[in-house]
Amino acid sequence: MTSPRRGNHFPDFFTTKGPIPLNVTPINFDNRIYYQASIVSQTSELDVDARPHLKPYLDNDDEIIDCADMEENYDISLTKSGKFQTSFYVPSSFHSFLIGAKGSKLKAFQRSTNTTIKIPRINERGDVVILGETERQVASARTQIAMTIAQRKDRMPPTHFISIPIDSTIIRQNLEKFHHAVLQNPSKGVTDSLFQKAVKVHLTVAVLILFDDEEIENAKKCLQACYEEHITAIFAKNKKYKVRVQGLEIMNDDPSNVYVLYAKVQMADPELNGKLQKMCDGILSYFLRAGLAKKEADRVKLHMTVMNASFRKGNGRSMPFDARELLEEHGNFYFGEFELKQLDLCIRGTTTNELGEPKYYDTALNIIL
């Protein structure tokens, strides 16, 4: 991109709102000026005088944040005083991370973006408000705050998830048959507790981190909007679609050292293959951009969990198991078909009833497809 006019350090697009780079370096090449955008490494939170840059994007980094998954649409308005303003909700549990010791983090945010940032006091509800002289300043501050929160969220355990329930008596019966057949001659590390309970089978679409009632309500609205805008464009309303569950695969490359064994999933009608994946990837994208989902992969891994080492009880919890003979004997096991009926916003940890017996997850919302 060439410079639009002499003496202007930034191209015009830097005056628009939205997520933008934190550093821009002009580069002279072949009598033209180009601009290289980059996010530089964040210094220690203890260094209150340092600029609060974010960590670089690294492969296999547990704290990786993809700017493409940040919120895209929000309002920046012009106030009567002539300043630009944006406001957005942040759960109170994150306020301390934005303020820092003796307000050091908040001061650093304000200094680096030349904005005024107002955060609700302890036990006070309300939005974070950002005021600045330009849209660019306000957008930059909002992006830094959003990415700081996203990094913090990524370290925390999920609270909810979006699922497609597998409501099929045949599949549940066949899962029990598979369970019984494998235990007739179990391989090394295979025990009864590793098997998924038939009443809980589902497809996980997106894993969420929701901290309060307001975020749960936002998640409900997000799922409803996704249904109206995205899902109905792929699967027509009030039409029946079948999904087949057949064949086994593992999550890693060594069948002698397995942590998760799952059943493969695809549309029963070959002409519809790809539509289920497209729908699920779109749902994940909606929730990532809303800042509610935990990113684990670029695409949704469609699968029905059959065995998981994390289910193991007793000593050696999460110890892997040997699946070589199991895959050889049952690799093409047919579990059955189920009807694509609904999407659930499920609450993690709600898997037993008052008597301690296994049940399906409690749900905060059901969307009928």
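For every chain, the first residue of the written sequence is number 1, and numbering continues from 1 onward in sequence order. Reporting of local features is limited, given that this is a predicted model, to residues whose pLDDT is at least 70; pairs of side-chain atoms are given and counted only at 80 or more, and all residues count toward the totals for whole chains, interfaces and linings. By convention in this description, side-chain values take in all heavy atoms of the structure and omit both hydrogens and water.

With an unreviewed UniProt entry as reference, the protein is termed K Homology domain-containing protein, source organism Dendroctonus ponderosae.

A few points about the overall build of the protein
When you go through the protein residue by residue, the secondary structure sums to seven helices and 15 strands. Whether a residue is buried, partly exposed or exposed follows from its accessible area with a 1.4 Å probe, protein chains only, as a fraction of its type maximum: under 20%, in between, or over 50%, in that order. Here the protein, with 369 residues, has 45% of them falling under the buried criterion. Nonlocal contacts in the protein, meaning residues at least 24 apart in sequence, comprise 69% of its contacts between residues at least 6 apart. Runs of E in the DSSP output that reach at least two residues are strands. Runs of H or I that reach at least four are helices, and both are numbered from the N terminus. The contact definition used throughout considers only heavy atoms, calling two residues in contact when any of these lie within 4.5 Å.

Thoughts on helix α3 (residues 135-154)
The span one expects for a helix is its residue count, reduced by one, times 1.5 Å. An ideal rise of 1.5 Å per residue puts 28 Å on 20 residues; α3 measures up with 28 Å between its terminal C-alpha atoms. The element α3 is extensively covered by neighbouring structure, given that 17 of its 20 residues are classed as buried.

Quick word on unusual backbone geometry
Phi at N114 is positive, roughly 55°, even though this residue is not glycine. Assignment of secondary structure puts N114 in the loop between α2 (104-113) and β5 (115-118). The phi dihedral of N238 is positive, around 60°, even though this residue is not glycine. Inspection of the secondary structure puts N238 in the loop between α5 (213-229) and β9 (242-250).

Digging into the pairing of strand β7 (residues 160-165)
Burial of β7 is extensive: six of the six residues sit out of reach of the surface. Burial along β7 is two-sided: H160, I162 and I164 facing one way and F161, S163 and P165 facing the other are all buried. By the bridge criterion, six bridges tie β7 to strand β8 (residues 202-208) in an arrangement that is antiparallel. Its bridge partner being in β8, S163 is matched across the sheet by T204. Relative to strand β14 (residues 342-347), β7 is paired through four bridges, and the arrangement is antiparallel. When the sheet's bridge partners are listed, F161 is paired in β14 with C346. Following DSSP output, two strands are said to pair if at least two bridges run between them.

So, the pairing of β5
In β5, alternate side chains face the same way, and those of T115 and I117 are buried while those of T116 and K118 on the opposite face are not. Relative to strand β6 (residues 128-132), β5 is paired through four bridges, and the arrangement is antiparallel. Bridge pairing in β6 links T116 to L131.

Topic: the sheet that holds strand β15 (residues 363-368)
An order of β11-β8-β7-β14-β15 is seen for the five strands of this open sheet, with the pairing classed as antiparallel. Among the strands making up the open sheet, the edge pair consists of β11 (293-294) and β15. Relative to β15, β14 runs antiparallel, the two sharing five bridges. Following the sheet pairing, L345 is matched in β15 by L365.

Thoughts on the pattern of salt bridges
Each reported salt bridge corresponds to a side-chain nitrogen of Lys or Arg within 4 Å of a carboxyl oxygen of Asp or Glu. One pass over the structure, following the stated rule, counts 12 salt bridges. Salt-bridge contacts for E133 lead to K83; the nearest nitrogen and oxygen are separated by 3.9 Å. Taken as a pair, E133 in the loop between β6 and α3 and K83 in the loop between β3 (77-78) and β4 (84-88) lie far apart in primary sequence, 50 residues in all. Where D322 meets R324, a salt bridge forms, and the shortest distance between an N and an O atom there is 2.7 Å.

Things to note about the sheet that holds β3
The four strands are arranged β3-β4-β6-β5 in an open sheet whose pairing can be described as antiparallel. Lying at the two open borders of the sheet, with one neighbouring strand each, are β3 and β5.

Side note on the packing of aromatic side chains
When we look at a pair of aromatic rings, we describe it by the centre distance and by the angle of the planes. Here the aromatic set is Phe, Tyr and Trp, taking the six-membered ring for Trp, and pairing holds for ring centres within 6.5 Å; pairs whose planes are under 30 degrees apart are stacked, those over 60 apart are edge-to-face, and all others are tilted. Counting across every chain of the model gives nine aromatic pairs. Note on F235 and Y241: the rings are 4.8 Å apart at their centroids and 65° apart in plane angle, and the pair reads as edge-to-face. Judged by relative accessible area, which is 9%, Y241 ranks as buried. A centroid spacing of 5.6 Å and a plane angle of 85° characterise the contact between Y360 and Y361, whose relative ring orientation is edge-to-face.

Re the nonpolar core
In terms of nonpolar packing, the biggest core is built from 64 residues, with F178, F287 and F335 touching the most fellow members. Per element, the largest residue contribution to this core is eight residues, and it comes from helix α6 (residues 275-289). Leaving out residues up to four positions away in the same chain, F178 has contacts with F195, L248, L261, V306, M307, L326, H330, F333 and F335. Here, the term nonpolar core denotes a set of buried Ala, Val, Leu, Ile, Met, Phe, Trp, Tyr and Cys residues that are joined through side-chain atoms within 4.5 Å. Grouped together as the second largest cluster of nonpolar side chains are 17 residues, F88, L106, V128 and A141 included.

A closer look at the packing of α5 against α6
Look at α5 against α6: their axes get within 10 Å of each other, and the N-to-C directions meet at 140°. When the axis of α5 is compared with that of α6, the two are oblique. As α5 runs across α6, the sense of the crossing is right-handed. Facing α5, whose interface residues are A219, C222, L223, A225, C226 and E229, α6 presents G282, I283, Y286 and F287. Angles run from 0 to 180 degrees between N-to-C directions of axes, and those axes are lines fitted to C-alpha atoms, restricted for helices to the stretch in contact. Orientation categories follow fixed angle ranges, with anything under 35 degrees roughly parallel, anything over 145 roughly antiparallel, 65 to 115 roughly perpendicular, and all other angles oblique. Note: crossing handedness is left-handed where the near helix turns anticlockwise from the far helix by less than a right angle, and right-handed where it turns clockwise.

Concerning the confidence of the model for the protein
Detailed reading of the predicted model is not advised wherever pLDDT is low. Here the protein averages 83 in pLDDT, and 80% of its residues register 70 or above. Counted against residues more than four places away or in other chains, residues 1-22, with its pLDDT under 50, gives 47 contacts. pLDDT gives the predictor's per-residue confidence on a scale running from 0 to 100.

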